[in-house]
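# Commentary on secondary and tertiary structure
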Amino acid sequence: MANSLFTGVSGLRAHQEMLDVVGNNLANTNTIAFKSQRVRFADLIYQTLNQGSSSTSSNIGGTNPVQVGLGVKVAAIDSILQQGNIEATENDLDMALQGSGFFVASDGVQNHFTRAGAFDVDSKNFLVDPAIGYRIQRFGTVGEGGPNSPAFQVAGDNNIKIPIGTGIPGKATATITMQGNLSANASGPLAQTLTSSQPFTSGNAASTAATTLDSLDDNTVNYVAGDQLLLQGALSDGTPVNATIPISVASATTTATTLGDLVTAINAAFAGPTGATASIVNGNIVVQANTVGASSLNMTLSDAAGNTGATSWSSHPLTATTVGQAGDTVSTGIQFFDTQGTAHNITMVYQKQGNNVWNMTASMNPTDGVLTDNSVTGITFNDDGSFRQVTGTGAGNGFLTVQVAGLGTPQTIALNLGTANGFDGLTQVGGNSSAVAREQDGFAAGFLASVSVAQDGVINGIFTNGRILPLAQMAIASFANPAALLREGNNYYGLSSESGTALIGAGLTGGRGSVQQKALESSNVDVAQEFTRLIIAQRGFQVNARTLTVSDQVLQELANIIRT
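Okay, so let's go over this structure. (Residues numbered from 1 in each chain as written. Predicted model: local features only at pLDDT ≥ 70, side-chain atom pairs only at ≥ 80, totals over all residues. Heavy atoms only, no water.)

### Thoughts on the overall build of the protein chain
As a reminder of what qualifies: A run of H or I in DSSP becomes a helix once it reaches four residues, and a run of E becomes a strand once it reaches two; helices and strands are each numbered from the N terminus. Atoms counted for the radius of gyration: C-alpha only. Globule rule: 2.2 Å times residue count to the power 0.38. For every residue, the accessible area (1.4 Å probe, protein chains only) is compared with the maximum for its type, and the residue is labelled buried under 20%, exposed over 50%, or partly exposed between those bounds. Contact criterion: two residues are considered in contact whenever any of their non-hydrogen atoms come within 4.5 Å of each other. Using a 1.4 Å probe, accessible areas were evaluated by the Shrake-Rupley method; residue-level cover was limited to the displayed protein chains. Counting rule applied: Lys, Arg positive; Asp, Glu negative; His and chain ends not counted. Here the site of a charge means NZ on Lys, CZ on Arg, CG on Asp, or CD on Glu.
The secondary structure content of the protein chain amounts to 3 helices and 44 strands. Over its C-alpha trace the protein chain gives a radius of gyration of 49 Å, far above what one expects of a compact globule, namely 24 Å for 564 residues. Looking at the 564 residues of the protein chain, the share that counts as buried comes to 40%. Nonlocal contacts in the protein chain, meaning residues at least 24 apart in sequence, comprise 64% of its contacts between residues at least 6 apart. As presented, the protein chain carries roughly 27,700 Å² of accessible surface, and 52% of it is formed by carbon and sulfur atoms. Separation of charge centres in the protein chain, based on 22 positive and 38 negative side chains, amounts to 25 Å.

### Focus: the pattern of salt bridges
Short version of the rule: Every case where a carboxyl oxygen of Asp or Glu lies within 4 Å of a side-chain nitrogen of Lys or Arg is listed as a salt bridge.
All told, the structure shown has 9 salt bridges when counted by the stated rule. Among the ionic pairs, Arg438 bridges to Glu439, the shortest N-O distance being 3.3 Å. Residue Arg438 is classed as partly exposed on the basis of its relative accessible area of 42%. Each of Lys35, Arg115 and Glu521 takes part in one network of salt bridges that share partners.

### Some words on helix H2 (residues 259-269)
What counts here: What the arc measures is the spread of directions leading from the helix axis to the C-beta atoms. For the purposes of these results, a polar contact is taken to be a pair of N or O atoms within 3.5 Å, where, inside protein, one atom must be able to donate a hydrogen and its partner to accept one; residues adjacent in sequence count only when each atom of the pair is a side-chain atom.
All of the buried residues in H2 are Leu259, Gly260, Leu262, Val263 and Ile266. Buried residues of H2 fall within an arc of 155 degrees about the axis and therefore sit on the same side. Residues of H2 that are exposed and point over 90 degrees away from its buried face: Thr264 and Ala268. Contact partners of the buried residues in H2: strand E19 (228-234), strand E20 (240-246), strand E21 (276-281), strand E22 (284-292) and strand E23 (298-303). Two or three places before Gly260, at the opening of H2, Thr258 has a side-chain oxygen 3.3 Å from that residue's backbone nitrogen.

### Thoughts on unusual backbone geometry
A positive phi angle, close to 75 degrees, is found at Asn125, a residue other than glycine. Examined against the element boundaries, Asn125 turns out to sit in the loop between strand E10 (120-121) and strand E11 (127-128). Unlike most non-glycine residues, Asn282 shows phi in positive territory, near 55 degrees.

### A look at the sheet that holds strand E43 (residues 514-517)
Note the following rule: For two strands to count as paired, DSSP must find a minimum of two bridges between them.
Strand order in the open sheet formed by 3 strands is E9-E6-E43, with antiparallel pairing between adjacent strands. In the strand order of this sheet, the two ends are held by strand E9 (117-118) and E43, each with one partner. Here strand E6 (residues 94-98) runs beside E9; their pairing, made up of 2 bridges, is antiparallel. Following the sheet pairing, Met95 is matched in E9 by Gly117.

### What about the side chain of Asn28?
For Asn28, the position within the fold is in the loop between helix H1 (2-27) and strand E1 (37-43). On the basis of relative accessibility, which here comes to 17%, the residue Asn28 falls in the buried class. Those residues in contact with Asn28 that sit more than four places away from it in its chain are Phe34, Ser523 and Val525.

### Considerations on the environment of Thr322
Position of Thr322 relative to the elements: it lies in strand E25 (residues 318-322). As a C-alpha pair, Thr322 and Gln192 span 130 residues in sequence and 5.3 Å in three-dimensional space. Aside from chain neighbours lying at most four places away, what touches Thr322 is Leu190, Ala191, Gln192 and Thr193.

### Here we look at the sheet that holds strand E30 (residues 375-381)
Under the convention used in this document: The axes used here are C-alpha line fits, helices contributing only the stretch in contact, and every angle between their N-to-C directions lies in the interval 0 to 180 degrees.
In spatial order, the strands read E26-E27-E28-E30-E31; together these 5 strands make up an open sheet with antiparallel pairing. Two strands lie at the open edges of the sheet, namely strand E26 (329-337) and strand E31 (387-390), each paired on one side alone. Between one strand and the next, the sheet's axes are offset by a mean angle of 30 degrees, whatever the strand orientation.

### Thoughts on the pairing of strand E36 (residues 446-453)
Of the pairings in the sheet, the one linking strand E13 (residues 167-168) to E36 comprises 2 bridges and is antiparallel in character. Each residue of the ladder has a partner; that of Gly167, found in E36, is Phe447. Taking the residues between adjacent antiparallel strands as the criterion, E36 and strand E37 (residues 458-463) are bridged by 4 residues, where Gly457 takes a positive phi near 90 degrees.

### Some details on helix H3 (residues 527-563)
Heads up, the condition is: One fewer than the residue count of a helix, multiplied by 1.5 Å, yields its expected span.
With 37 residues, H3 extends 54 Å from end C-alpha to end C-alpha; this agrees with the ideal 54 Å at 1.5 Å per step. Within H3, the full set of buried residues consists of Glu530, Arg533, Ala537, Gly540, Asn544 and Ser551. Among the residues of H3, the N-terminal cap falls to Asp526, whose side-chain oxygen and the backbone nitrogen of Ala528 are separated by 3.2 Å.

### Comments concerning the packing of aromatic side chains
Counted only if it meets this: Between rings of Phe, Tyr and Trp, where Trp is taken as its six-membered ring, a pair exists when centres lie within 6.5 Å; planes separated by under 30 degrees are stacked, by over 60 edge-to-face, and by other angles tilted. Distance and angle both matter: a charge sits over a ring if NZ of Lys or CZ of Arg is within 6 Å of the ring centre and within 35 degrees of the ring normal.
According to the stated counting rule, one finds 8 aromatic pairs in the structure shown. Here Phe103 and Phe119 contribute two aromatic rings whose centre-to-centre distance is 5.3 Å and whose plane-to-plane angle is 85 degrees, an arrangement assigned as edge-to-face. Taken as a pair, Phe103 in strand E7 (residues 102-106) and Phe119 in the loop between E9 and E10 lie far apart in primary sequence, 16 residues in all. Here the two residues Phe103 and Phe119 agree in accessibility, since each one is buried. Among the aromatic residues, those joined into a ring-pair cluster are Phe102, Phe113, Phe479 and Tyr493. Arg135 extends its terminal NZ or CZ atom over the ring of Phe126, reaching a point 3.8 Å from the ring centre. Note that Arg487 overlies the ring of Phe34, its terminal NZ or CZ placed 5.4 Å from the centroid.

### Some thoughts on the side chain of Asn524
Within the fold, Asn524 resides in the loop between strand E44 (519-521) and H3. In terms of polar contacts, Asn524 uses its side chain to reach the backbone amide nitrogen of Ser36, at 2.8 Å. Excluding residues that lie within four positions of it along the chain, Asn524 makes contacts with Phe34, Lys35, Ser36, Ile80, Leu81, Gln82, Gln83 and Gly84.

### Observations regarding the environment of Asp92
Position of Asp92 relative to the elements: it lies in the loop between strand E5 (86-88) and E6. With relative accessibility at 25%, the residue Asp92 sits in the partly exposed group. Between the C-alpha atom of Asp92 and that of Phe119, which follows or precedes it by 27 residues, the distance is 9.1 Å. Once residues within four sequence positions are removed from consideration, Asp92 is found in contact with Ser450, Val451, Gln517 and Lys518. One polar contact links Asp92 to Lys518, side chain to side chain, over a distance of 3.4 Å.

### What about a nonpolar patch on the surface?
Using the following cut-off: Residues forming no salt bridge and having over 30% relative accessible area are the ones grouped into patches, like charges within 9 Å of each other and nonpolar side chains (Val, Leu, Ile, Met, Phe, Trp, Tyr) within 5 Å.
Residues Leu555, Leu558, Ile561 and Ile562 make up a contiguous nonpolar surface patch of about 390 Å² in total accessible area. Within the fold, Ile561 resides in helix H3.

Right, dumping it as structure tokens:
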């Protein structure tokens, strides 16, 4: 009779524990990254009244064992590690894990594990859980510094530091990278060319350099000794030209003036780099400037006043058949940085020089400094439009040299125009020009302003100069049996003998989940299911209480029988 009492008590205890677990789940409905639990029951030992027997003959069967159960026990309380919902937040240091794994935090003695990623930076720049003060741990060597990055973490110390406000030095620009098209349709430079409006003829045939002036079809009166021609005009740079050309006639000691003599006289009057060169082409006098580009070159021929002889020079005016112009240009600009991290603007003008050849000239504000080497010459392209090479040497090679005001050492900047025979830099194909200075490798000094977190747990620092540098990589722990971790409170877990050791690595590796920035994982408690379990636990408690009540009544009846 007493067994039923103890059995009922075991049921009350078991269902009370079930109520405790359900209540704890409901209490943590809004706890960050809380993982709900469930209770599993198992029956207790049994009192065997009869072991049963096997069949002893062909006519009598065996008997089953007779056992009376002695109650129920809590066999296990399982952790439900199902993913909770990810909720977005506005805090850069709020982090959630999508998938398996735990953040690693240290109390200075040992590691603890959590999925509640509401972190912050303390007064010593450590990334911490502000609710309890544990320092968040890192994995690997990210942030320990290298040839192109300063150190933000201390080697051997796994506590993550996020030194908001810390500065990084600037870097002088060493390379400017160009990209885009220099149109193949662009025009190269042209030299101004003057041509007589119609050819000079003699006997209706085109004249040559040997043709005398008197034999020209347009000669109306033969010249005599002492006659002169007037040559007037201007050089390419606008310098005026006024000259007289003596005319000789055939005699025993002289020969008559020819068109060739006239050309020689023109070349003498227009000699020099800003002058021009004359020739006879198919009976025409052709005068071409000695330099390309915009030009003021012009010229007229006429008979001097008082001449006896005369030629209709006005029937052969020299007009511009080719207008002088410089090659088409394409301009671009970019900011570069000096050795102190100060920014300066530089303008680059690309000018076509001829078929498949361009030059570049750079300039900057003279108050910022002086470009002591400001040109790249012989930028050459292949017939298919791919970049070929820079043929310039010395001051025309592929480097610029700038003397920044206030600094003692000149700064050399390389121009990366592309891979030889490739299309990854500058090209020269049809269509519009689009060449730009795409990037440069310098930067100003800057200060750590904020962070971004990649899915693999790398914390990147965002600096005020636009640089993004890796600060650290968060340690993510995985376990062979995470359900066996010990709950420590404050949203933390600890190792147990059955959880296995912590396998620490990076996010997205070894089955570990991804890190989500500006997000927190919600509790995975299913309120509807917990309410159902609450009702079940209540009913179980009630029926076991009823067992006690009935057993008590039976014992009371037995006591009454004894008294009577």
